[in-house]
Amino acid sequence: MSDVLLCVVDIRFPPLLFPPKLYDYCQKTLGKSIIVVLNKIDMIPSPLVVAWKDYFKKKYPELEVLCFTSYEGRGNEIKTGPGLKTKRRFRKLRMAGEGALELYKIIEKTVAGQVDLSSWKAKILEESNIAESDEQELEVDLVDTSVPDTSYYEFKRFQDGILTIGTIGQPNTGKSSLINGLMGKKVVSVSKTPGHTKHFQTIFLTPNVRLCDCPGLIFPSKVPKALQVLCGSYPIAQLREPYTTIKYLAERTNLPSILKINHPEGEKEWSAFDISDGWAEKKGYHTAKASRLDSYRAANHILRLALEGRIVLALRPPDFTKNESKVKI
């Protein structure tokens, strides 16, 4: 059904979330254009964003790469010193103008004049407050609520002069947030819990451009369960034993320093349980009956902080440390 596919990945874990075989199938077998969207770029340093973009361009020469965030230029303040990263976001969602414009340029090149995209460009320029004086004001708040036709469907590219843009990717990579960012308002529901989107949804960005939101795809994976939890593919609420994931996170980040906690026993060596107890003591988490430190609740809270990006854990492309000084922002 889609003419162009957006493969949305969390830029903190791109190689774990980008499926090369699906890319080969869409590009070579189906002959469809596919764009990888490196989402949530506001959560990691700029040199790492550039490095991942270069990595994908070198490894997949025919793949278009788009860096995107739904909260660009809206007072995002990330504390660079020790401790938890803090963000300040405006409550009112606006269009991600820079990302939307870059996506428009990529798709305009792909479509090659077969679909009229002028209304989409006008919408972007108007929302970004950089429209020229002769730009026409358009009302494009259309949502397709018709009953879907479940009969046999034969795909025709740009049918009826409409460009259909589909989003694919694993759960919690930000597909629904991407659509809201392109629309400039909330049109589809979002949640930090993976698997929140359960139905296929169609939204008209303009009369000629249609966006499709779908549930996340889970591919067979040999990725450790701890990493699946941290990248958002496995629900934290369903995690019976969170301490293995805390251990995985603590081995790669200095959690006691980030959380600014003291060892419950006054020792120098830390375990995952000690970190959970220290955080429970700092936050005042206690069990209801015995009033003991609620380590389980504290561990879950730490994992949610990591999922939100307040505790930064991000993978690096090969040879990033060696070539970091050569990266151009």
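Refer to the preceding data block for the structure.
About the thresholds
Residues numbered from 1 in each chain as written. Predicted model: local features only at pLDDT ≥ 70, side-chain atom pairs only at ≥ 80, totals over all residues. Heavy atoms only, no water. Helix = DSSP H or I, 4+ residues; strand = E, 2+ residues; numbered from the N terminus. Buried < 20%, exposed > 50% of the residue type's maximum accessible area, 1.4 Å probe, protein only. Pairing = 2+ DSSP bridges. Right-handed = clockwise from strand over helix to strand, strands pointing away. Salt bridge = Lys/Arg side-chain N within 4 Å of Asp/Glu carboxyl O.

### Details of the environment of Leu249
No. 1: As for its placement among the helices and strands, Leu249 is situated in helix α8 (residues 243–250).
No. 2: Residue Leu249 is classed as buried on the basis of its relative accessible area of 0%.

### A short note on the pairing of strand β3 (residues 64–68)
No. 1: Bridge analysis of strand β2 (residues 33–39) against β3 gives 5 bridges, and the strand direction is parallel. The residue of β3 that forms the bridge with Asn39 is Phe68.
No. 2: Between the parallel elements β2 and β3, the chain passes through helix α3 (residues 46–59) in a crossover that is right-handed.

### Focus: the pairing of strand β1 (residues 4–10)
Regular strands show a simple pattern: their side chains alternate between the two faces of the sheet.
No. 1: Of all 7 residues in β1, 7 are buried, a share of seventy percent or more.
No. 2: The two faces of β1 match: Val4, Leu6, Val8 and Asp10 on one face and Leu5, Cys7 and Val9 on the other face are all buried.
No. 3: Sheet topology places β1 next to β2; 7 bridges connect them, and they run parallel. By the bridge assignment, Val9 is partnered in β2 with Leu38.

### Description of the pattern of salt bridges
No. 1: Tallied over the entire structure, the rule returns 5 salt bridges.
No. 2: Here Asp10 ties to Lys40 by a salt bridge, and the two come within 3.6 Å at their closest N and O atoms. Here the residue Asp10 occupies a position in strand β1, and Lys40 occupies one in the loop between β2 and α3, the gap between them amounting to 30 residues. By the burial criterion, Asp10 is buried, and Lys40 matches it.

### Description of unusual backbone geometry
No. 1: The phi torsion at Ala112 lies on the positive side, around 55°, for a residue other than glycine.
No. 2: Of note, Ala112 is situated in the loop between α4 (97–111) and α5 (118–127).
No. 3: With a relative accessible area of 58%, Ala112 lands in the exposed category.
No. 4: Even without being glycine, Ser291 reaches a positive phi, approximately 55°.
No. 5: The topology assignment puts Ser291 in the loop between α10 (272–283) and α11 (295–308).

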